[in-house]
Amino acid sequence: VSPCGFNRTEFRQLFPENDRNTLSGRIDHELDGGINLFAFGRWTKSQTNTQIEPFPYAGTALFGGAAPNPIVPNNGGLTTGPNGGPAVFVRRLVEFGPRTSDIETESYGATLGADGRFGSWEWEAAYTYNVQEVFSQRTGSIILSALESRIDNGLDLFQPIPQSVVNAVSFTPITDAESRNDLFDLQFNGFMPWDLPGGPIGVAGVAEFEQQEFFDRRDPITLSGDASDG
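What you see is a predicted model; the values in this text were computed from it and never measured.

Reading the values: rules and limits
- Residues numbered from 1 in each chain as written.
- Predicted model: local features only at pLDDT ≥ 70, side-chain atom pairs only at ≥ 80, totals over all residues.
- Heavy atoms only, no water.
- Helix = DSSP H or I, 4+ residues; strand = E, 2+ residues; numbered from the N terminus.
- Buried < 20%, exposed > 50% of the residue type's maximum accessible area, 1.4 Å probe, protein only.
- Contact = heavy atoms within 4.5 Å.
- Areas by Shrake-Rupley, 256 points an atom, 1.4 Å probe, with all protein chains shown as cover.
- Patch = residues over 30% accessible without salt bridge, like charges linked within 9 Å, V, L, I, M, F, W, Y side chains within 5 Å.
- Salt bridge = Lys/Arg side-chain N within 4 Å of Asp/Glu carboxyl O.
- Core = buried A, V, L, I, M, F, W, Y, C linked by side-chain atoms within 4.5 Å.
- Pairing = 2+ DSSP bridges.
- Axes fitted to C-alpha atoms, helices over the stretch in contact; angles between N-to-C directions.

Undergrad: For this particular structure, what's the right way to read the overall build of the protein chain?
TA: Helices and strands together make up the secondary structure of the protein chain, namely 3 helices and 10 strands. The order of helices and strands in the protein chain, counted from the N terminus, is β-β-β-β-β-β-β-α-α-β-β-β-α. Among the 230 residues that make up the protein chain, the fraction classed as buried is 30%. In the protein chain, the share of contacts with a sequence separation of at least 24, taken over all contacts with a separation of at least 6, comes to 73%. Carbon and sulfur atoms make up 56% of the accessible area of the protein chain, which totals about 14400 Å².

Undergrad: Please explain a nonpolar patch on the surface as it appears in this structure.
TA: There is a patch of nonpolar side chains on the surface, built from Leu 31, Ile 35 and Leu 37 and spanning about 200 Å² of accessible area. Take Leu 31: it is sitting in the loop between strand S1 (17–30) and strand S2 (36–52).

Undergrad: Please clarify how the nonpolar core should be interpreted in this entry.
TA: Here is a general trend for soluble globular proteins: nonpolar side chains tend to be buried in one another's company. Counting residues in each nonpolar core, the largest one holds 17 residues, and the members touching the most others are Leu 93, Phe 96, Ile 142, Leu 147, Leu 155 and Ile 161. Contributions of two or more residues to this core are made by helix H1 (144–152) and helix H2 (163–169).

Undergrad: For this particular structure, what's the right way to read the pattern of salt bridges?
TA: When the charged atoms of two side chains with opposite charge come close together, those side chains can pair. Applying the stated criterion across every chain, the model contains 9 salt bridges. Linking Arg 91 and Glu 95 is a salt bridge whose minimum nitrogen-to-oxygen distance equals 2.7 Å. Taking the relative accessible area as the measure of exposure, Glu 95 reaches 21% and is therefore partly exposed. With a closest N to O distance of 2.8 Å, Arg 218 and Asp 216 form a salt bridge.

Undergrad: Mind showing me how you'd approach the pairing of strand S6 (residues 121–139) here?
TA: Consecutive side chains of a regular strand alternate in pointing toward one face of the sheet and then the other. Pairing of strand S5 (residues 99–118) with S6 involves 19 bridges; the strand directions are antiparallel. The residue of S6 that forms the bridge with Phe 118 is Trp 121. In sequence, S5 turns back onto S6 through a hairpin of 2 residues, with Gly 119 there showing a positive phi of about 70°. Bridge analysis of S6 against strand S9 (residues 174–196) gives 16 bridges, and the strand direction is antiparallel. Each bridged residue has a counterpart across the sheet, and for Glu 122 the counterpart in S9 is Asn 189.

Undergrad: Where do I start with the sheet that holds S5 in this structure?
TA: Note: strands within a sheet are paired through backbone hydrogen bonds, in either parallel or antiparallel orientation. Read from one edge of the open sheet, 6 strands run S1-S2-S5-S6-S9-S10, paired in antiparallel fashion. The sheet is open, and its two borders are formed by S1 and strand S10 (199–218), each paired with just one other strand. Here the average twist between neighbouring strands, direction ignored, is 10°. Note: S9 against S10, 19 bridges, orientation antiparallel. Pairing of Ser 179 across the sheet is with Phe 214, part of S10.

Laid out in structure tokens, this is it:
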């Protein structure tokens, strides 16, 4: 038996499409006594679009247990191989179109702080707040149980899948995620009031406190494990 090939290059991108916009700025203001106040802000928004070939379909029994799908499309008449063993059935679900992903990412943050000198010592203290939001949605995904139910009830995968079935078992996976962190830090460096034979003794130190939180929300079908892309 000769396997048929599938031309992935018809659907795949060489490089993902990506748009990115960034804005940043810094303000400094020097006070009396050599103390400098500063503020730094940044914002970035990007959108990335990817595309690859449609999902494959493979029946477990036809693979002898090697593939994850438990439904055998028996209605095509292919049930045994030339040696009497299970026949291999693999099919690209081209009726569902390519798998695409649209990912939007927005991040922003700000730093407020001060720095200065105290004798031979330099110091800097700052507070930083960062947020990153990610929203993505994908196409070409399939509700596995819905497709398998139709195969089990006579959908012939050796024929084109009707558009009505494609519409009924397709869905759009969604990811909505966000992470944020607060950071306090203090830095200092300088020289001690005494020397060693090799020269003056320098000292530097950093103290930080950081708090992080995040969430990652998915659509109910993906969370139930019934999505074709896991």
